[in-house]
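Commentary on secondary and tertiary structure
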Amino acid sequence: MVYGNFRRTCALLVKSVVAPALVLDWVFLFVWVGGAAALAQAEPPASALPTAVAVKSCLNSRSSAECLDNLFSTALKSHSTLEILALLQRYEAEDPELRRDCHPVVHAVGRETYRVKGNIHDSFSACDQTCHSGCYHGSVERFLRGDDIYSQIDKHPSATELKQKAALACDPNIPVRLRFQCLHGLGHALLFFSRYQLVPSLEACDGLPEDWSRSSCYGGVFMENVSNATPETRDLSPTDYHYPCNKLADKYRGECYLMQTSRMTEMGLAIDKILQECIHAGKFRYQCMLSVGRDLSNDVRIGNARSAAQKCERVTDESRLACVRGVVYALIDNTWDARYALPFCATFNAKVDQTACVRISAEYLTGTFEKSPSEVAKECSLHLREPSLCAGLALR
(Lines give C-alpha, C1' and ligand atoms only; values in the text may rest on other atoms or scores of the structure.)
Protein backbone atom coordinates (compact mmCIF):
# COMPACT_ATOMS: atom_id res chain seq x y z
CA MET A 1 0.00 0.00 0.00
CA VAL A 2 1.05 3.50 -0.68
CA TYR A 3 0.30 6.68 1.18
CA GLY A 4 1.26 10.43 1.51
CA ASN A 5 1.23 14.02 0.12
CA PHE A 6 -0.42 12.39 -2.89
CA ARG A 7 -3.82 12.97 -1.26
CA ARG A 8 -3.20 16.64 -0.54
CA THR A 9 -2.01 17.51 -4.06
CA CYS A 10 -4.54 15.30 -5.82
CA ALA A 11 -7.31 16.97 -3.91
CA LEU A 12 -6.15 20.41 -4.86
CA LEU A 13 -5.98 19.19 -8.44
CA VAL A 14 -9.42 17.57 -8.27
CA LYS A 15 -10.83 20.94 -7.21
CA SER A 16 -9.90 22.32 -10.61
CA VAL A 17 -10.24 19.19 -12.76
CA VAL A 18 -13.37 17.57 -11.37
CA ALA A 19 -15.46 19.75 -9.06
CA PRO A 20 -14.96 22.06 -6.11
CA ALA A 21 -14.36 19.86 -3.09
CA LEU A 22 -11.72 17.68 -1.53
CA VAL A 23 -8.05 17.69 -0.70
CA LEU A 24 -5.51 14.92 -0.28
CA ASP A 25 -2.16 13.61 0.75
CA TRP A 26 1.07 11.37 0.60
CA VAL A 27 5.21 11.59 1.20
CA PHE A 28 9.51 10.24 1.99
CA LEU A 29 13.40 9.54 1.85
CA PHE A 30 16.45 9.42 4.07
CA VAL A 31 19.99 10.17 2.94
CA TRP A 32 22.92 9.48 5.24
CA VAL A 33 26.43 10.38 4.23
CA GLY A 34 29.64 9.45 5.98
CA GLY A 35 33.06 7.97 5.53
CA ALA A 36 33.95 4.39 6.18
CA ALA A 37 35.10 5.15 9.70
CA ALA A 38 31.92 7.04 10.53
CA LEU A 39 29.85 4.22 9.09
CA ALA A 40 31.66 1.72 11.25
CA GLN A 41 30.93 3.85 14.31
CA ALA A 42 27.29 4.48 13.40
CA GLU A 43 26.48 0.89 12.37
CA PRO A 44 24.33 -0.47 15.19
CA PRO A 45 25.19 -3.88 16.65
CA ALA A 46 23.24 -6.43 14.65
CA SER A 47 22.03 -8.25 17.76
CA ALA A 48 20.07 -5.21 19.01
CA LEU A 49 18.09 -4.64 15.81
CA PRO A 50 15.23 -6.71 14.38
CA THR A 51 16.01 -8.92 11.43
CA ALA A 52 13.99 -8.77 8.24
CA VAL A 53 12.63 -12.22 9.12
CA ALA A 54 11.41 -10.93 12.50
CA VAL A 55 9.73 -7.91 10.91
CA LYS A 56 7.94 -10.08 8.33
CA SER A 57 6.88 -12.50 11.03
CA CYS A 58 5.21 -9.65 12.90
CA LEU A 59 3.50 -8.41 9.74
CA ASN A 60 1.97 -11.85 9.26
CA SER A 61 0.84 -12.25 12.87
CA ARG A 62 -2.67 -11.55 14.11
CA SER A 63 -1.37 -8.92 16.56
CA SER A 64 0.99 -7.37 14.03
CA ALA A 65 0.96 -3.82 15.44
CA GLU A 66 1.78 -4.92 18.97
CA CYS A 67 4.43 -7.34 17.71
CA LEU A 68 6.13 -4.61 15.66
CA ASP A 69 5.94 -2.13 18.55
CA ASN A 70 7.71 -4.62 20.81
CA LEU A 71 10.48 -5.12 18.23
CA PHE A 72 11.19 -1.42 17.92
CA SER A 73 10.76 -0.67 21.59
CA THR A 74 13.72 -2.94 22.20
CA ALA A 75 15.74 -1.49 19.34
CA LEU A 76 15.20 2.11 20.49
CA LYS A 77 16.82 1.37 23.84
CA SER A 78 20.21 1.41 22.14
CA HIS A 79 19.67 2.95 18.69
CA SER A 80 18.26 6.11 17.20
CA THR A 81 15.09 6.32 15.14
CA LEU A 82 17.13 7.24 12.08
CA GLU A 83 19.37 4.19 12.48
CA ILE A 84 16.30 1.97 12.57
CA LEU A 85 14.73 3.69 9.57
CA ALA A 86 17.99 3.33 7.64
CA LEU A 87 17.97 -0.40 8.41
CA LEU A 88 14.38 -0.67 7.20
CA GLN A 89 15.32 1.13 4.00
CA ARG A 90 17.94 -1.52 3.42
CA TYR A 91 15.42 -4.28 4.02
CA GLU A 92 13.02 -2.50 1.67
CA ALA A 93 15.64 -2.36 -1.06
CA GLU A 94 16.46 -6.06 -0.68
CA ASP A 95 13.00 -7.56 -0.15
CA PRO A 96 10.02 -6.87 -2.46
CA GLU A 97 7.53 -7.94 0.24
CA LEU A 98 8.88 -5.41 2.71
CA ARG A 99 9.07 -2.80 -0.03
CA ARG A 100 5.35 -3.30 -0.58
CA ASP A 101 4.33 -3.52 3.08
CA CYS A 102 6.81 -1.19 4.79
CA HIS A 103 4.31 1.51 5.73
CA PRO A 104 2.75 -0.23 8.76
CA VAL A 105 6.26 -1.19 9.85
CA VAL A 106 7.44 2.42 10.03
CA HIS A 107 4.16 3.38 11.72
CA ALA A 108 5.39 1.17 14.57
CA VAL A 109 8.76 2.96 14.61
CA GLY A 110 6.87 6.23 14.98
CA ARG A 111 4.69 4.93 17.81
CA GLU A 112 7.73 3.80 19.75
CA THR A 113 9.63 7.01 18.95
CA TYR A 114 6.79 9.01 20.49
CA ARG A 115 6.97 6.79 23.57
CA VAL A 116 10.65 7.75 23.94
CA LYS A 117 10.35 11.45 23.04
CA GLY A 118 7.06 12.21 24.75
CA ASN A 119 5.78 14.88 22.33
CA ILE A 120 5.00 15.31 18.64
CA HIS A 121 7.61 18.02 17.99
CA ASP A 122 10.58 15.93 19.17
CA SER A 123 9.16 12.81 17.55
CA PHE A 124 8.86 14.55 14.19
CA SER A 125 12.43 15.82 14.56
CA ALA A 126 13.58 12.22 15.05
CA CYS A 127 11.61 10.78 12.09
CA ASP A 128 12.14 11.01 8.34
CA GLN A 129 10.05 10.23 5.28
CA THR A 130 11.00 6.56 4.95
CA CYS A 131 8.22 4.53 3.36
CA HIS A 132 5.52 7.12 2.94
CA SER A 133 6.36 8.98 6.15
CA GLY A 134 4.89 6.27 8.36
CA CYS A 135 7.09 7.32 11.28
CA TYR A 136 5.32 10.68 11.46
CA HIS A 137 1.93 8.98 11.27
CA GLY A 138 2.79 6.53 14.02
CA SER A 139 3.94 9.33 16.32
CA VAL A 140 0.52 10.95 16.10
CA GLU A 141 -1.16 7.61 16.71
CA ARG A 142 0.74 7.26 19.97
CA PHE A 143 -0.09 10.85 20.91
CA LEU A 144 -3.78 9.93 20.91
CA ARG A 145 -3.56 6.32 21.96
CA GLY A 146 -1.15 6.67 24.89
CA ASP A 147 1.27 4.09 26.25
CA ASP A 148 -1.09 1.26 27.06
CA ILE A 149 -3.07 1.01 23.87
CA TYR A 150 -3.39 -2.78 23.75
CA SER A 151 -4.60 -3.60 27.27
CA GLN A 152 -6.76 -0.45 27.42
CA ILE A 153 -8.44 -0.84 24.05
CA ASP A 154 -11.94 -0.54 25.56
CA LYS A 155 -11.18 2.67 27.46
CA HIS A 156 -11.71 5.09 24.62
CA PRO A 157 -12.15 8.85 25.05
CA SER A 158 -15.52 10.44 24.32
CA ALA A 159 -16.32 12.14 21.03
CA THR A 160 -15.91 15.52 22.73
CA GLU A 161 -12.49 14.53 24.10
CA LEU A 162 -11.43 13.30 20.66
CA LYS A 163 -12.36 16.60 19.01
CA GLN A 164 -10.54 18.57 21.68
CA LYS A 165 -7.39 16.49 21.37
CA ALA A 166 -7.53 16.49 17.58
CA ALA A 167 -7.60 20.28 17.53
CA LEU A 168 -4.35 20.38 19.53
CA ALA A 169 -2.49 17.58 17.78
CA CYS A 170 -0.87 19.34 14.83
CA ASP A 171 1.10 22.56 15.06
CA PRO A 172 -0.14 24.96 12.34
CA ASN A 173 3.31 26.58 12.18
CA ILE A 174 5.29 23.56 11.01
CA PRO A 175 5.99 23.07 7.26
CA VAL A 176 2.99 21.97 5.24
CA ARG A 177 4.46 18.59 4.33
CA LEU A 178 5.05 17.74 7.98
CA ARG A 179 1.69 19.11 9.03
CA PHE A 180 0.03 16.85 6.51
CA GLN A 181 1.79 13.84 8.06
CA CYS A 182 0.51 14.87 11.46
CA LEU A 183 -3.06 15.27 10.24
CA HIS A 184 -2.98 12.01 8.32
CA GLY A 185 -1.69 10.15 11.39
CA LEU A 186 -4.40 11.84 13.41
CA GLY A 187 -7.03 10.30 11.14
CA HIS A 188 -5.60 6.82 11.75
CA ALA A 189 -5.74 7.34 15.51
CA LEU A 190 -9.23 8.85 15.53
CA LEU A 191 -10.70 5.76 13.88
CA PHE A 192 -9.00 3.54 16.45
CA PHE A 193 -10.36 5.57 19.34
CA SER A 194 -13.89 5.68 17.96
CA ARG A 195 -13.89 1.86 17.93
CA TYR A 196 -13.68 1.85 14.12
CA GLN A 197 -16.87 3.83 13.65
CA LEU A 198 -16.34 5.85 10.51
CA VAL A 199 -18.80 8.70 10.92
CA PRO A 200 -17.76 9.72 14.46
CA SER A 201 -14.12 9.66 13.33
CA LEU A 202 -14.82 11.82 10.31
CA GLU A 203 -16.85 14.20 12.45
CA ALA A 204 -13.86 14.58 14.77
CA CYS A 205 -11.84 15.61 11.70
CA ASP A 206 -14.58 18.13 10.93
CA GLY A 207 -13.51 20.06 14.02
CA LEU A 208 -10.28 21.09 12.27
CA PRO A 209 -10.15 24.68 10.98
CA GLU A 210 -10.07 24.43 7.18
CA ASP A 211 -10.76 22.15 4.22
CA TRP A 212 -7.18 21.04 3.66
CA SER A 213 -6.71 19.95 7.28
CA ARG A 214 -10.04 18.16 7.34
CA SER A 215 -9.35 16.30 4.08
CA SER A 216 -5.88 15.26 5.25
CA CYS A 217 -7.46 13.87 8.41
CA TYR A 218 -10.22 12.08 6.46
CA GLY A 219 -7.53 10.34 4.40
CA GLY A 220 -5.95 8.83 7.52
CA VAL A 221 -9.36 7.60 8.69
CA PHE A 222 -10.07 5.81 5.41
CA MET A 223 -6.58 4.34 5.17
CA GLU A 224 -6.90 2.93 8.70
CA ASN A 225 -10.27 1.44 7.83
CA VAL A 226 -8.93 -0.35 4.73
CA SER A 227 -5.50 -1.37 6.03
CA ASN A 228 -6.13 -2.27 9.68
CA ALA A 229 -4.75 -5.75 10.35
CA THR A 230 -7.81 -6.83 12.39
CA PRO A 231 -10.49 -7.49 9.73
CA GLU A 232 -13.45 -7.77 12.08
CA THR A 233 -13.03 -4.19 13.28
CA ARG A 234 -13.21 -2.60 9.82
CA ASP A 235 -16.36 -0.96 8.48
CA LEU A 236 -16.42 -2.74 5.12
CA SER A 237 -18.83 -4.84 3.09
CA PRO A 238 -18.05 -8.37 1.88
CA THR A 239 -20.08 -7.82 -1.30
CA ASP A 240 -20.40 -4.09 -2.09
CA TYR A 241 -17.34 -2.80 -3.94
CA HIS A 242 -18.25 0.83 -3.21
CA TYR A 243 -19.01 0.55 0.50
CA PRO A 244 -18.47 2.57 2.69
CA CYS A 245 -18.00 5.43 0.21
CA ASN A 246 -21.53 5.13 -1.16
CA LYS A 247 -23.13 5.49 2.27
CA LEU A 248 -21.29 8.66 3.28
CA ALA A 249 -22.00 12.34 2.77
CA ASP A 250 -20.48 13.79 -0.39
CA LYS A 251 -17.88 15.79 1.53
CA TYR A 252 -16.26 12.51 2.62
CA ARG A 253 -16.63 10.46 -0.57
CA GLY A 254 -13.70 11.89 -2.51
CA GLU A 255 -11.20 10.90 0.16
CA CYS A 256 -12.95 7.56 0.60
CA TYR A 257 -12.59 6.70 -3.09
CA LEU A 258 -8.88 7.53 -2.91
CA MET A 259 -8.51 4.29 -0.92
CA GLN A 260 -11.37 2.23 -2.30
CA THR A 261 -9.54 0.38 -5.08
CA SER A 262 -7.28 -1.20 -2.47
CA ARG A 263 -10.43 -2.67 -0.96
CA MET A 264 -11.66 -3.79 -4.40
CA THR A 265 -8.36 -5.59 -4.94
CA GLU A 266 -8.67 -7.24 -1.53
CA MET A 267 -12.15 -8.43 -2.56
CA GLY A 268 -10.58 -10.24 -5.53
CA LEU A 269 -11.27 -7.88 -8.43
CA ALA A 270 -8.83 -7.88 -11.33
CA ILE A 271 -7.71 -4.59 -12.84
CA ASP A 272 -10.22 -4.54 -15.71
CA LYS A 273 -13.13 -5.00 -13.31
CA ILE A 274 -11.74 -2.28 -11.00
CA LEU A 275 -11.55 0.12 -13.94
CA GLN A 276 -15.22 -0.59 -14.68
CA GLU A 277 -16.17 -0.06 -11.04
CA CYS A 278 -14.47 3.34 -11.06
CA ILE A 279 -16.88 4.39 -13.82
CA HIS A 280 -19.70 3.45 -11.45
CA ALA A 281 -18.28 5.85 -8.86
CA GLY A 282 -20.05 8.63 -10.76
CA LYS A 283 -18.73 12.08 -10.01
CA PHE A 284 -15.98 10.50 -7.91
CA ARG A 285 -14.59 8.37 -10.74
CA TYR A 286 -11.56 10.66 -11.03
CA GLN A 287 -10.59 10.00 -7.40
CA CYS A 288 -11.22 6.30 -7.97
CA MET A 289 -8.80 6.33 -10.91
CA LEU A 290 -6.21 8.17 -8.81
CA SER A 291 -6.57 5.30 -6.34
CA VAL A 292 -5.98 2.78 -9.15
CA GLY A 293 -2.75 4.57 -10.01
CA ARG A 294 -1.67 4.63 -6.41
CA ASP A 295 -2.16 0.88 -6.16
CA LEU A 296 -0.26 0.32 -9.43
CA SER A 297 2.74 2.18 -8.03
CA ASN A 298 3.52 -0.98 -6.08
CA ASP A 299 4.16 -2.75 -9.40
CA VAL A 300 6.65 -0.07 -10.38
CA ARG A 301 8.53 -0.29 -7.09
CA ILE A 302 9.04 -4.04 -7.45
CA GLY A 303 10.37 -3.68 -11.01
CA ASN A 304 7.24 -3.99 -13.17
CA ALA A 305 6.97 -0.42 -14.47
CA ARG A 306 5.80 -1.38 -17.94
CA SER A 307 3.03 -3.54 -16.47
CA ALA A 308 1.72 -0.54 -14.53
CA ALA A 309 1.86 1.68 -17.64
CA GLN A 310 -0.03 -0.91 -19.70
CA LYS A 311 -2.84 -0.92 -17.15
CA CYS A 312 -3.15 2.87 -17.26
CA GLU A 313 -3.20 2.59 -21.07
CA ARG A 314 -6.41 0.55 -20.87
CA VAL A 315 -8.38 3.71 -20.15
CA THR A 316 -8.47 6.97 -22.09
CA ASP A 317 -8.55 10.73 -21.72
CA GLU A 318 -9.08 12.07 -18.20
CA SER A 319 -9.15 8.59 -16.67
CA ARG A 320 -5.74 7.76 -18.12
CA LEU A 321 -4.27 11.00 -16.82
CA ALA A 322 -5.71 10.29 -13.37
CA CYS A 323 -4.17 6.82 -13.40
CA VAL A 324 -0.78 8.20 -14.43
CA ARG A 325 -1.01 10.95 -11.84
CA GLY A 326 -1.86 8.44 -9.14
CA VAL A 327 1.20 6.34 -9.96
CA VAL A 328 3.56 9.32 -10.16
CA TYR A 329 2.41 11.01 -6.98
CA ALA A 330 2.69 7.81 -4.97
CA LEU A 331 6.16 7.03 -6.32
CA ILE A 332 7.52 10.51 -5.60
CA ASP A 333 5.84 10.56 -2.20
CA ASN A 334 7.68 7.38 -1.29
CA THR A 335 11.19 8.76 -1.79
CA TRP A 336 10.80 12.54 -2.29
CA ASP A 337 12.60 12.19 -5.61
CA ALA A 338 11.95 10.87 -9.13
CA ARG A 339 13.98 7.64 -9.03
CA TYR A 340 10.88 5.53 -9.75
CA ALA A 341 8.54 8.02 -11.40
CA LEU A 342 10.61 9.13 -14.39
CA PRO A 343 11.68 5.62 -15.48
CA PHE A 344 7.98 4.68 -15.22
CA CYS A 345 7.12 7.57 -17.58
CA ALA A 346 9.57 6.25 -20.16
CA THR A 347 7.70 2.93 -20.43
CA PHE A 348 4.57 4.36 -22.09
CA ASN A 349 4.17 3.50 -25.76
CA ALA A 350 2.82 6.86 -26.89
CA LYS A 351 5.00 9.95 -26.80
CA VAL A 352 2.03 12.02 -25.63
CA ASP A 353 1.68 9.79 -22.56
CA GLN A 354 5.41 9.94 -21.82
CA THR A 355 5.29 13.73 -22.06
CA ALA A 356 2.24 14.03 -19.83
CA CYS A 357 3.78 11.72 -17.25
CA VAL A 358 7.06 13.65 -17.20
CA ARG A 359 5.19 16.95 -16.91
CA ILE A 360 3.17 15.64 -13.96
CA SER A 361 6.39 14.48 -12.29
CA ALA A 362 8.19 17.78 -12.80
CA GLU A 363 5.26 19.84 -11.57
CA TYR A 364 4.88 17.66 -8.46
CA LEU A 365 8.58 17.97 -7.65
CA THR A 366 8.61 21.75 -8.05
CA GLY A 367 5.25 22.35 -6.43
CA THR A 368 4.64 19.99 -3.53
CA PHE A 369 8.30 19.24 -2.85
CA GLU A 370 9.59 22.74 -3.61
CA LYS A 371 12.52 21.54 -5.70
CA SER A 372 14.32 24.19 -7.74
CA PRO A 373 14.58 23.96 -11.55
CA SER A 374 18.23 22.95 -11.20
CA GLU A 375 17.31 20.19 -8.75
CA VAL A 376 14.65 18.89 -11.11
CA ALA A 377 17.11 19.02 -14.00
CA LYS A 378 19.48 16.89 -11.95
CA GLU A 379 16.68 14.39 -11.27
CA CYS A 380 16.03 14.22 -15.00
CA SER A 381 19.68 13.65 -15.87
CA LEU A 382 19.83 10.84 -13.33
CA HIS A 383 16.61 9.07 -14.24
CA LEU A 384 15.74 9.86 -17.88
CA ARG A 385 17.55 9.01 -21.10
CA GLU A 386 16.17 12.24 -22.58
CA PRO A 387 16.33 14.68 -19.65
CA SER A 388 15.96 17.88 -21.64
CA LEU A 389 12.16 17.53 -21.91
CA CYS A 390 11.76 17.18 -18.16
CA ALA A 391 14.15 20.00 -17.35
CA GLY A 392 12.43 22.30 -19.81
CA LEU A 393 9.05 21.63 -18.23
CA ALA A 394 10.40 22.36 -14.77
CA LEU A 395 11.71 25.75 -15.89
CA ARG A 396 8.33 26.99 -17.18
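Residues numbered from 1 in each chain as written. Predicted model: local features only at pLDDT ≥ 70, side-chain atom pairs only at ≥ 80, totals over all residues. Heavy atoms only, no water.

A closer look at the overall build of the protein chain
The test is simple: Secondary structure elements are taken from DSSP: a helix is a run of H or I of four residues or more, a strand is a run of E of two residues or more, and numbering for both begins at the N terminus. For every residue, the accessible area (1.4 Å probe, protein chains only) is compared with the maximum for its type, and the residue is labelled buried under 20%, exposed over 50%, or partly exposed between those bounds. To be clear on the numbers: accessible area is Shrake-Rupley with a 1.4 Å probe, and residue cover counts the displayed protein chains and nothing else.
Along the backbone of the protein chain there are 21 helices and two strands. The 396 residues of the protein chain split such that 56% are buried. Element-wise, carbon and sulfur atoms account for 53% of the exposed surface of the protein chain, whose accessible area totals about 16300 Å².

Examining the environment of Y364
Tracing the chain through its elements places Y364 in helix α19 (residues 351-367). Considering only alpha carbons, one finds Y364 and D337, 27 residues apart in sequence, at a separation of 9.9 Å.

Some points on helix α11 (residues 198-205)
Rules: This arc is taken over the directions from the axis of the helix to the C-beta atoms.
Residues of α11 that are buried include every one of L198, S201, L202, A204 and C205, and no others. Down the axis of α11, the sector holding all buried residues measures 155°, keeping them to one side.

Here we look at the state of the cysteines
Worth spelling out the cut-off: By disulfide we mean two sulfur atoms from cysteines, separated by a distance within 2.5 Å.
Following the criterion strictly, the structure yields nine disulfides and no others. Each sulfur in the disulfide pair C58 and C67 lies 1.9 Å from the other. Looking down the S-S bond of the C58 and C67 bridge, the torsion is -60°, so its handedness is left-handed. Paired by a disulfide, C102 and C131 hold their sulfur atoms 1.7 Å apart. Measuring handedness by torsion sign, the sulfur bridge of C102 and C131 sits at about 70° and is right-handed. Here C131 lies in helix α8 (residues 130-145) and C102 lies in helix α6 (residues 96-117), a separation of 29 residues in the sequence. You'll find C102 and C131 in the same group, each marked buried.

Looking at unusual backbone geometry
With an omega dihedral of 10°, the bond running from Y243 to P244 counts as a cis peptide bond. Positive phi is not limited to glycine here, since W336 has a value of about 65°. Even without glycine at this site, E370 takes up a positive phi of about 55°. Within the fold, E370 resides in the loop between α19 and α20 (373-383). Among the residues examined, E370 registers a relative accessible area of 59% and is labelled exposed.

Topic: helix α4 (residues 64-75)
Worth spelling out the cut-off: To estimate how far a helix should extend, the number of its residues minus one is multiplied by 1.5 Å. By the convention used here, residues are in contact when the closest approach between their heavy atoms is within 4.5 Å.
For α4, with twelve residues, the first-to-last C-alpha span of 17 Å sits near the 16 Å given by 1.5 Å per residue. The set of residues buried in α4 consists of S64, L68, D69, F72 and A75. Down the axis of α4, the buried side of the element spans an arc of 130°, and every buried residue falls inside it. Here the buried face of α4 lies against α3 (52-59), α5 (81-94), α6 and α8.

Some thoughts on the nonpolar core
Grouped burial of nonpolar side chains is what soluble globular proteins tend to show. Stated formally: We call a set of buried residues a nonpolar core when its members are Ala, Val, Leu, Ile, Met, Phe, Trp, Tyr or Cys and they connect through side-chain atoms within 4.5 Å of each other.
Judged by nonpolar contacts, the single largest core of 107 residues is most densely connected at L186, V328 and F344. Per element, the largest residue contribution to this core is nine residues, and it comes from helix α10 (residues 176-193). Those residues within four positions of V328 in sequence are excluded, and the remaining contacts are A341, F344, C345, C357, I360 and S361.

Quick notes on the packing of aromatic side chains
Let me state the cut-off plainly: Each pair of aromatic rings taken from Phe, Tyr and Trp, with Trp reduced to its six-membered ring, is defined by centres within 6.5 Å and is described as stacked if the planes are under 30 degrees apart, edge-to-face if over 60, and tilted in the remaining cases.
Per the stated rule, a full pass over the model turns up eight aromatic pairs. Plain terms: the ring middles of W336 and F369 are 5.9 Å apart, the flat faces sit at 55° to each other, and that makes the pair tilted. Highlighted residues: W336 in the loop between α17 (317-335) and α18 (341-345) and F369 in the loop between α19 and α20, separated in sequence by 33 residues. There is no split in this pair, since W336 and F369 are both buried. Each ring, one from Y364 and one from F369, has its centre 5.3 Å from the other, and the planes form 85°; the classification is edge-to-face. The residues Y364 and F369 share a single accessibility class, namely buried. By way of ring pairs, the aromatic residues Y329, W336, Y364 and F369 are connected into one cluster.

Examining the packing of α11 against helix α12 (residues 211-227)
What counts is decided by this rule: Note on geometry: axes are lines fitted to C-alpha atoms, helical ones only across the stretch in contact, with angles between N-to-C directions running from 0 to 180 degrees. Oblique is the label for every angle not falling under 35 degrees (roughly parallel), over 145 degrees (roughly antiparallel), or within 65 to 115 degrees (roughly perpendicular). Each crossing is labelled by how the near helix is turned from the far one, with a counterclockwise turn of less than a right angle marking it left-handed and a clockwise turn marking it right-handed. Each residue receives one of three labels: charged for Asp, Glu, Lys and Arg, nonpolar for Ala, Val, Leu, Ile, Met, Phe, Trp, Tyr, Cys and Pro, and polar for the others, Gly being one of them.
Orientation of α11 relative to α12, taken along the N-to-C sense of each, is 155°, at an axis distance of 8 Å. Classified by the interaxial angle, the pair formed by α11 and α12 is roughly antiparallel. The two elements α11 and α12 cross, and the hand of that crossing is right-handed. In this structure, α11 uses L198, S201, L202 and C205 to contact α12, whose residues at the interface are R214, C217, Y218, V221, F222 and N225. Each residue belonging to the contact of α11 with α12 can be placed in one class, and the counts come to seven nonpolar, two polar and one charged.

Remarks on the packing of α17 against α19
Their axes nearest at 10 Å, the elements α17 and α19 cross at an angle of 45°. As far as their axial angle goes, α19 and α17 are oblique. The two elements α17 and α19 cross, and the hand of that crossing is right-handed. For the pair α17 and α19, the contacting residues are R320, L321, V324, R325, V328, Y329, I332 and D333 in the first and D353, A356, C357, I360, S361, Y364 and L365 in the second. Of the residues assigned to the contact of α17 with α19, the class counts are ten nonpolar, one polar and four charged.

Topic: empty space enclosed by the protein
Threshold: With a 1 Å grid laid over protein atoms only, a set of points is called a cavity when a 1.4 Å probe fits there but cannot get out and a pocket when it is open yet has protein on both sides within 12 Å along at least five of seven lines; lining residues have an atom within 4 Å of a point. Grid points are joined across faces, edges and corners, and a volume is the space filled by probe spheres set on the points.
Here the largest cavity defines a volume of roughly 60 Å³. Lining the largest cavity, in full, are V55, L88, Y91, E92, L98, C102, V105 and V106. Of all the elements in the fold, those that place two or more residues in the lining of the largest cavity are α5 and α6. For the lining of the largest cavity, the per-class residue count stands at seven nonpolar, no polar and one charged. Of the voids in this model, the second largest cavity is the one considered here, and its volume is about 30 Å³. Lining the second largest cavity, in full, are F222, N225, V226, L236, P244, C256, M259 and Q260.

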